[in-house]
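Residue-level structure breakdown
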Amino acid sequence: MGLLWLPSAVLLVCSAGFLALSSAAPANTPASFSFKENFDIMFAEDHFKTSPDGQIWYLYLDKKTGCGFQTRQRYRFGWFSMKLKLVGGDSAGVVTAYYMCSDLDAAPDRDELDFEFLGNRTGQPYTIQTNVYKSGIGGREMRHTLWFDPTQDFHTYSILWNTHRIVFFVDRVAIRVYKNNGKPNNFFPSGKPMYMFSSIWNADDWATRGGLEKTDWKKAPFVSSYKDFHADGCQWKDPFPACVSTTTQHWWDQYEAWSLTDGQQEDFSWVGRNLVIYDYCKDTERYPKLPAECFL
């Protein structure tokens with residue numbers, strides 16, 4: 001992974017990018033959300049546990065089932081962030097998903113923004129897969145490795161979503177920027193409010209080396225850990241909340257949040273050179289005619 005080659009900005013948790021982002025971020029970061037007040041278990045409640053103080057949440061996967069949770073609120077645009085510590089050791093076949101979706105199930109016309117963490121055999125790095133769905137159509141995968149071991153400690157994974165772009169952040173380092181073109185299109189999800197979800201599940205039919213590496217159930221249960229969920233966005237209220245309008249009254253909808261700063265761009269470029277292992281916009285065998293968003 002070239003850990004010794006990291007630029008100083010990334011070694012300092014991307015100090016340039018962090019400071020640049022903080023100029024657009026709110027002065028007071030919202031307090032962490034209480035699980036009981038803001039989330040529901042989606043399935044297998046007996047595979048969910050919390051720390052004694054309720055501040056750390058654990059999802060368990062065994063051969064019987066995985067587990068997942070979702071926010072009770074929906075949002076349309078904003079900043080959404082969670083600290084995760086991924087399954088350690090032999091995690092081949094295991095997927096931890098952290099994502100936003102417009103529906104409570106896999107509806108065929110859903111909008112969706114995905115982080116998926118693809119486990120691996122012991123000693124091999126995790127792969128992060130991101131994806132974007134608009135009206136049920138995905139196929140917009142990117143895959144990255146990381147500059148740290150995500151199983152040793154908590155790291156922050158965030159999504160910035162406004163009408164101009166979607167940015168996927170890891171520890172406030174932008175790893176993917178997905179742009180809008182400012183016109184009606186079939187690739188940028190902006191019309192539907194979304195819930196925030198996370199889940200752990202078995203995907204050994206595809207997740208590790210295309211399904212060649214199977215889940216070793218002798219290592220179960222597999223546990224993913226969570227804390228410090230933040231949502232600073234437009235909470236949906238029927239029929240249409242005022243905060244959805246592009247008024248630039250919120251930091252995530254102001255000019256500074258429409259593009260990367262010089263410091264963020266420097267770190268983003270480093271990620272592109274060193275950590276990207278798949279980009280659908282460069283897969284001309286899969287897409288002989290590249291999708292329109294690839295040219296933005």
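Residues numbered from 1 in each chain as written. Predicted model: local features only at pLDDT ≥ 70, side-chain atom pairs only at ≥ 80, totals over all residues. Heavy atoms only, no water.

Put simply, the rule is: UniProt positions are given in the numbering used here, feature names are shortened, and annotations may be inferred rather than shown by experiment.
The chain appears in an unreviewed UniProt entry as Xyloglucan endotransglucosylase/hydrolase from Ensete ventricosum. Looking at the chain in UniProt, the text filed under Function (unreviewed entry) is "Catalyzes xyloglucan endohydrolysis (XEH) and/or endotransglycosylation (XET). Cleaves and religates xyloglucan polymers, an essential constituent of the primary cell wall, and thereby participates in cell wall construction of growing tissues." Recorded in UniProt under Sequence similarities (unreviewed entry), the annotation for the chain is "Belongs to the glycosyl hydrolase 16 family."

1. Focus on the state of the cysteines
For clarity, the threshold we go by: Criterion for a disulfide: a pair of cysteine sulfur atoms within 2.5 Å. For every residue, the accessible area (1.4 Å probe, protein chains only) is compared with the maximum for its type, and the residue is labelled buried under 20%, exposed over 50%, or partly exposed between those bounds. Secondary structure counts use DSSP, requiring at least four H or I residues in a row for a helix and at least two E residues in a row for a strand, with both numbered from the N terminus.
Applying the stated criterion across every chain, the model contains 2 disulfides. Here cysteine 234 engages in a disulfide with cysteine 243; their sulfurs sit 2.0 Å apart. An S-S torsion of about 75° defines the bridge between cysteine 234 and cysteine 243 as right-handed. Pair check on accessibility: cysteine 234 and cysteine 243 agree, each one buried. Disulfide pairing places cysteine 281 opposite cysteine 294 at an S-S distance of 1.9 Å. Its S-S torsion of about -80° marks the bond between cysteine 281 and cysteine 294 as left-handed, since a negative value means left-handed. On the criterion of sequence distance, the pair formed by cysteine 281 in the segment after β15 (276–279) and cysteine 294 in the segment after β15 is long-range, its members being 13 residues apart. Cysteine 281 gets classed as buried once you look at its relative accessible area, which sits at 17%. Once the bonded cysteines of the chain are numbered in order along the sequence, the disulfide links fall as 1-2, 3-4.

2. Concerning the sheet that holds strand β5 (residues 75–85)
Strand pairing in a sheet is mediated by backbone hydrogen bonds. Such pairs are either parallel or antiparallel. Applied cut-off: When DSSP finds two or more bridges between a pair of strands, those strands are recorded as paired. Fitted lines through C-alpha atoms serve as axes, helices being fitted only where they are in contact, and the angles separating the N-to-C directions of these axes extend from 0 to 180 degrees. Contacts: residue pairs with any heavy atoms within 4.5 Å of one another.
Taken in spatial order, the 7 strands line up as β2-β3-β14-β5-β10-β11-β12 in an open sheet, and their pairing is antiparallel. Each having just a single partner strand, β2 (48–50) and β12 (173–179) make up the two edges of the open sheet. With direction set aside, neighbouring strand axes in the sheet form an average angle of 25°. As judged from the 6 bridges shared by strand β11 (residues 165–170) and β12, these two strands associate in the antiparallel manner. Opposite isoleucine 166, over in β12, you have tyrosine 178 as the bridge partner. Relative to the sheet, helix α4 (residues 262–274) contacts β11 and β12, its axis offset from that of β12 by approximately 90°.

3. A look at the pattern of salt bridges
The cut-off we apply is this: Whenever a carboxyl oxygen of Asp or Glu lies within 4 Å of a side-chain nitrogen of Lys or Arg, that contact is scored as a salt bridge.
Inspection of every chain in the model, using the stated rule, returns 11 salt bridges. A salt bridge links arginine 72 to aspartate 40, with the shortest nitrogen-to-oxygen separation between them at 2.9 Å. Remark: aspartate 40 occurs in strand β1 (residues 39–43) and arginine 72 occurs in the loop between β4 (67–71) and β5; sequence separation between them is 32 residues. Its relative accessible area of 30% is what places aspartate 40 among the partly exposed residues.

4. Notes on the pairing of strand β7 (residues 112–118)
Among the 7 residues that make up β7, 7 are buried, leaving the element largely enclosed by the rest of the structure. Going residue by residue along β7, you find Glu112, Asp114, Glu116 and Leu118 tucked away on one face and Leu113, Phe115 and Phe117 tucked away on the opposite face as well. Bridge count for strand β6 (residues 94–101) against β7 is 7 bridges, and the pairing is antiparallel. For tyrosine 98, the partnering residue across the bridge sits in β7 and is phenylalanine 115. Where β7 and strand β8 (residues 127–133) come together, 7 bridges link them in antiparallel fashion. Its bridge partner lying in β8, phenylalanine 117 is registered against isoleucine 128.

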